[in-house]
Amino acid sequence: MELANILELIHAVSDSDLTEFNLQDDTLNISMSKEKTIVQQMAVNTDPADAQQYQPVVQQAVHIESVNAVNDEVQTGSVVKSPLVGTYYAASSPENPPFVKVGDKVSKGQVLGIVEAMKLMNEIESEFDGTVKEILVENEQMVEFGQPMFVIE
């Protein structure tokens, strides 16, 4: 089964009402599951006509591990955020120096780092001209979509 077909299958199962899915053949075994929580709403008014408008609501349980908390202080400058979920790398290889350090001058389109997602390396480019004020993520740290990574001043 090709990667594109596997991704399509994952999206189809995620978008459906299925809570568990298993696929197995000679060379492949795929198993997916998700939790659902049913929340009941109770009517305060005892009028039976009003009680019919309250229906059970199904919410998906979301399990998110704690990610490095972003500073609560107000950031000055422009923030470059992660465009996807993956692992951040500061350099193209462990032997090479990091793409940028605090204090480096950067221009729009310059590579700031790499985020690996599904074995694909995605370059994170600066959206701004300026100086790197702060690097908010550590090398080899997991990053979430929209997580601030760099502050450019």
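Note that this is a predicted model, so its numbers are computed, not measured.

Remarks on the overall build of the chain
Helix and strand content of the chain: two helices and 12 strands. Its helices and strands taken in sequence order, the chain reads α-β-β-β-α-β-β-β-β-β-β-β-β-β from the N to the C terminus. Every one of the 153 residues in the chain was classed for burial, and the buried ones make up 23%. Within the chain, contacts between residues separated by at least 24 positions form 52% of all contacts whose residues are at least 6 apart in sequence. Counting every atom, the chain has about 11,100 Å² of accessible surface; 51% of that belongs to carbon and sulfur.

A short note on a nonpolar patch on the surface
Taken together, the side chains of Val-85, Met-142 and Phe-145 define a hydrophobic patch exposed on the protein surface, amounting to about 330 Å² of accessible area. By the element assignment, Val-85 lies in the loop between β5 (78–81) and β6 (86–89). The exposure class assigned to Val-85 is partly exposed, which follows from its relative accessible area of 42%.

With respect to the pairing of β6
The side chains of a regular strand alternate, first on one face of the sheet and then on the other. Bridge count between β6 and strand β11 (residues 142–143): two bridges; the pairing is antiparallel. Within β11, the residue paired with Gly-86 across the bridge is Val-143. Note: β6 against strand β8 (residues 111–117), three bridges, orientation antiparallel. Pairing of Tyr-89 across the sheet is with Ile-114, part of β8.

Observations concerning the packing of aromatic side chains
Following the criterion strictly, the structure yields one aromatic pair and no others. Measuring from centroid to centroid gives 6.0 Å for Tyr-88 and Phe-150, while their planes differ by 70°, and the two rings are edge-to-face. Residue Tyr-88 is found in strand β6, and its partner Phe-150 is found in strand β12 (residues 148–152); the two are separated by 62 residues along the sequence. This pair shows no difference in class: Tyr-88 is buried, exactly as Phe-150 is.

Here we look at the sheet that holds β11
In space, the four strands of this open sheet follow the order β9-β8-β6-β11, with antiparallel pairing throughout. Edge positions in the sheet fall to β9 (120–125) and β11, since each of these pairs with one other strand and no more.

What to know about the environment of Ile-135
Inspection of the secondary structure assignment puts Ile-135 in strand β10 (residues 130–135). It is 9.0 Å that separates the C-alpha atoms of Ile-135 and Ile-152, two residues lying 17 residues apart in sequence. Setting aside chain neighbours within four positions, we find Ile-135 in contact with Tyr-88, Val-100, Lys-101, Val-102, Met-149 and Phe-150.

Examining the sheet that holds strand β7 (residues 105–106)
Taken together, the four strands give an open sheet; going across it, the order is β5-β12-β10-β7, and neighbouring strands pair in antiparallel fashion. Sheet topology places β5 and β7 at the edges, where each strand pairs with a single neighbour. Sheet topology places β10 next to β12; three bridges connect them, and they run antiparallel. Note on β12: the bridge partner recorded for Val-132 is Ile-152.

Re the pattern of salt bridges
Close approach of charged atoms lets side chains of opposite charge pair. Counted according to the given criterion, the structure contains one salt bridge. Of the charged contacts, one joins Glu-153 and Lys-133 as a salt bridge, the two residues approaching to 3.8 Å between their closest N and O atoms. Separated by 20 residues along the polypeptide, Glu-153 in the segment after β12 and Lys-133 in strand β10 bring together distant segments of the chain. On the basis of relative accessibility, which here comes to 52%, the residue Glu-153 falls in the exposed class. Given a relative accessible area of 34%, Lys-133 falls into the partly exposed group.

Procedures and definitions
- All residue numbers refer to positions counted from 1 along the written sequence of the respective chain.
- Whole-chain, interface and lining totals are the exception, using all residues; otherwise, since this is a predicted model, local features are given only for residues with pLDDT of at least 70 and side-chain atom pairs are given and counted only at 80 or more.
- Side-chain measures were taken over the full set of non-hydrogen atoms in the model, leaving aside hydrogen atoms and water.
- The helix count covers DSSP runs of H or I at least four residues long, the strand count covers runs of E at least two residues long, and both are numbered beginning at the N terminus.
- Think of it in three bands: residues with accessible area under 20% of the maximum for their type are buried, residues over 50% are exposed, and the middle band is partly exposed, with areas taken using a 1.4 Å probe on protein chains only.
- Only heavy atoms enter the contact rule, under which two residues are in contact if any of them lie within 4.5 Å.
- Each accessible area value is a Shrake-Rupley result obtained with a 1.4 Å probe; residue values ignore everything except the protein chains displayed when judging cover.
- The patches described consist of residues with a relative accessible area above 30% and no salt bridge, like charges being joined within 9 Å and nonpolar side chains (Val, Leu, Ile, Met, Phe, Trp, Tyr) within 5 Å.
- Salt bridges, as used here, are contacts in which a Lys or Arg side-chain nitrogen is within 4 Å of a carboxyl oxygen on Asp or Glu.
- Think of it this way: DSSP has to see at least two bridges between two strands before they count as a pair.
- By convention, a stacked pair of Phe, Tyr or Trp rings (six-membered ring in the case of Trp) has centres within 6.5 Å and planes under 30 degrees apart, an edge-to-face pair has planes over 60 apart, and any other such pair is tilted.

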